[in-house]
Amino acid sequence: MSNTSFPDSLMMAVSVLDSLVRAGLEHVVISPGSRSAPLAYALAALDAHGVVSSHVRIDERSASFLALGLAKKSATPVGIVTTSGTAVGELMPAVMEAYHSGIPLVVLSADRPPRLRGSGANQTTTQPGIFGTFVRAEVDLTDYPHDESGAQTVALAHALSVAFGKDGQWRDNTSTPRGPVHLNLAFDTPLTPPAKLGKILTQWARSLKDDVASDSHPMSHASALQVQVLEDIPDVSTGYKTVVIAGDSAGQIAQDFAESLALPLFAEPSAGLTGAQNAVLSYRALQGSELWKSIERVVLFGHPTLSRPITALLEHPSLEKAVYTPAAPSWFEPGQRAEKPISDLRELAQFAGSTQDLTVQGGESWLNAWQNAGRAVHEDLMDEVRRYRTTGKNNGRAAGMSLALSSWEAAANNGEVLLCGSSNLIRDLDIIAPWNTARSAGQPVPQVFASRGLAGIDGTLSVGAGISLASALNGEPAQSVRILCGDITFLHDASSMNIGPLEKKPHLTVDVLDDNGGGIFATLEHGQLGKHPDFSATVERFFTTPHAVNLQDVAHAFGEHNGITVNIHRVSSQEGGK
C-alpha cells in the first residue's frame, strides 16, 4: 500500500496490518483507545470486508486472554491491539502464558512519538522492551514505512517470521520456538483519517481480500501445537520397564508412540489425545506401588505440570529419561531438564524399547499390569463419586470428581470442547477421566484445553471465548465450549462476561464448583498446617480466601445474551475447587 495521501500514522497502521494479513492473520482483538485509532480505523475496514475477524473488549486483560484462546484453538497467530500506557501492561499475564506455552500472539501497541517519550506526556511510558524476555521478537516502529528498506523494516520482517514460524526467506518452517512478538507503533497526530479517505480504505481492504484469496496464505504455518502423525516405528527388541508421559499439548504422537511399543501411558487431560487405549486410569494414585518403584525409563511428550507424582518421577536420579523434541520447545531452555532431548522417533523408540513380550511378577504383561492396577483404583474412585451423587456426602475429592466427570461426559456427548481451569478440578479430571474405557466402549472423547504454560487461573473465561470464536469466520457458528472451573477462577475473570451487543457471541457453558474459597490449598502442605490451632486462621484468611459472593447473581449481572450459560454447583467442603 503506497498511497501517500494517508496521514503518516494511518499509513503505518495500514502497512503493518497489510503485512500481517498477507502472512496469514485472521483474527484481531482490540480494546478502545485514542492513540491506537489508526489501527482501529484500518482494522474496521478489514473487518467490514471479511478480510479479518475483529473482536472488541473494553478490558485489555480480558482482550489478551481472548486472543490467547483464539490462537490456542486455531494454532495460528492472533493480533491484540492496545492504546498506550497502562493498557500495554495489562497484557503481561497473557503474554507470559503465551511465551511458556508456545502460543503465537502479535501484540500491536500504540505509542507516543519519540519526541514525547520521557517528557511526562499523558499516558506515555517506556513501551519498547516492556515484555522483557517474554516475547520472541520485538520492534519499535517510530517512522515506518521507509522509502527504502531500513533497520525497522528488517526487524519487522524478523518479528513476522518468528510469529508465523517461517525462516527469513519465508520458504521453510523454522525450528525456533513459537511464541508472542511485540510490535510497538509510534503514532503522531493526526490520529484520525480525513473523511475523504474512507473510500480509499475500502478499496485497500477489498484489494487485500482478493490478493489473500488468490495466495491462499502462502506464508501461514501450521503450529507446532498441531497433532502430529506417527508414520512408522521400526521393530525394536524387548526393552525396559518404560512408561510414556503425555503432558500438556503432547499431541496424538504420544498416543501413537505408546501404542506402537505397548507402553503404559500417563496422560494429562490437556495432552491432546483422542482416547488412548494404552492410557492408565488414575495413574498418579499408583505412586508408591511396586509397579511405580519398578519403572526403569521414562519418555516424555509435551509439558508436564499437573501432579507432584509425575514431577517426582521425572526428577528421580536413578531413572533414564528422554523428551521428544522435534522442534525447540517453548517451555524450557536447553540444558535445564534432566531428560535427554531426542528429535528422531526411531532413536526414541530404541531408547524406550518394546514391552510387548515383557512380563512382571505373576506373568502379566508390563502394560496389562499397569492398566489392571489403574482400573482397580479408578473403580474405587467411581464408588466415591456414586456415593456422593446418592447421599451428598463429599468424601475427600468426591464432589470435584463428580463434577469433572459430568463435564467431561457432557462435552463428549454434546460435541463440545472442554476447557479446564488450572486448579483442583483439572486434577480431579486427571484422576477420574475414563480415557481408555471410553474408547473401548466406542464413546466419544472431548478435546481438552488448559492454560498450562504457567498454569495460572487468569483469564479462563476469556480463553474459553477465544476457543469458541476461533472457527467463527465468514459466518460460521461459534464452537460450543464447556468450561470446568472453581469459584475463585470464575471470580478472577468474571468481568470477561462483559461482551458488548455489537460483538460476535461465543457459545460457552461454565460449570463452576463453588466451595467458598481456594480449596486447592487444602490438598497442599497448607491443608495439614491449617488443622493446627496456631495456623488455622492464617490458612483460612491468606490461602483459602473465603468470599461472600452469590456467583449466580454475578453471572446474571452481565446479562443473558452474551453467549454464556453459568451452572453453579455448591458444596460445603473446602476441598472442592479453586
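To be clear, the structure that these remarks concern was listed above.
The following refers to the structure shown. (Residues numbered from 1 in each chain as written. Predicted model: local features only at pLDDT ≥ 70, side-chain atom pairs only at ≥ 80, totals over all residues. Heavy atoms only, no water.)

The buried count for strand 6 (residues 181–186) comes to six of six residues, which makes it a mostly enclosed element. Of the two faces of strand 6, the one holding Val181, Leu183 and Leu185 and the one holding His182, Asn184 and Ala186 are both buried throughout. As defined by bridge partners, strand 4 (residues 105–111) adjoins strand 6 across six bridges and the pair is classed as parallel. Paired with Ser109 across the bridge in strand 6 is Asn184. Here five bridges tie strand 5 (residues 137–141) to strand 6, and the two strands are oriented parallel to one another. Bridging from a neighbouring strand, Val139 pairs with Leu183 of strand 6. (Buried < 20%, exposed > 50% of the residue type's maximum accessible area, 1.4 Å probe, protein only. Helix = DSSP H or I, 4+ residues; strand = E, 2+ residues; numbered from the N terminus. Pairing = 2+ DSSP bridges.)

Before going further, it helps to examine the packing of aromatic side chains. Across all of its chains, the model carries ten aromatic pairs by this definition. With a centroid separation of 5.2 Å and an interplanar angle of 5 degrees, the aromatic rings of Phe266 and Tyr283 are classed as stacked. Separated by 17 residues along the polypeptide, Phe266 in strand 8 (residues 265–267) and Tyr283 in the loop between strand 8 and helix 9 (290–293) bring together distant segments of the chain. Comparing Phe266 with Tyr283, the two get one shared label, buried. Ring pairing ties together the aromatic residues Phe266, Tyr283, Trp292, Trp366 and Trp370, which thus form one cluster. Stacked on the ring of Tyr240, the Lys or Arg Arg297 has its end atom at 3.7 Å from the ring centre. Here Arg297 stacks its cationic end above the ring of Phe351, 4.6 Å away from the centre of that ring. (Phe/Tyr/Trp six-rings, centres within 6.5 Å; stacked < 30°, edge-to-face > 60°. Lys NZ or Arg CZ within 6 Å of the ring centre and 35° of its normal.)

Under the criterion given, the structure shown has 17 salt bridges. Close ionic contact of Arg284 with Asp430 constitutes a salt bridge, the shortest N to O distance being 2.9 Å. Highlighted residues: Arg284 in the loop between strand 8 and helix 9 and Asp430 in helix 14 (residues 424–432), separated in sequence by 146 residues. Its salt-bridge partner being Glu290, residue Lys293 comes within 3.8 Å of it at the nearest N-O pair. With Lys293 and Glu290 both in helix 9 and three residues apart, this pair spans about one turn of that helix. Summarising the burial analysis for this pair, Lys293 and Glu290 share the class exposed. One network of salt bridges, with partners in common, ties together Asp18, Arg22 and Asp211. (Salt bridge = Lys/Arg side-chain N within 4 Å of Asp/Glu carboxyl O.)

The strand order across the open sheet formed by five strands is 8-7-9-10-11, and the pairing between neighbours is parallel. Of all strands in the sheet, those with a lone pairing partner are strand 8 and strand 11 (340–342), marking the two edges. Ignoring which end each strand starts from, the neighbouring axes of this sheet average 25 degrees apart. Pairing analysis gives four bridges linking strand 9 (residues 297–301) to strand 10 (residues 320–324), with the strands arranged parallel. Across the sheet, residue Val299 finds its bridge partner in strand 10, namely Ala322. (Axes fitted to C-alpha atoms, helices over the stretch in contact; angles between N-to-C directions.)

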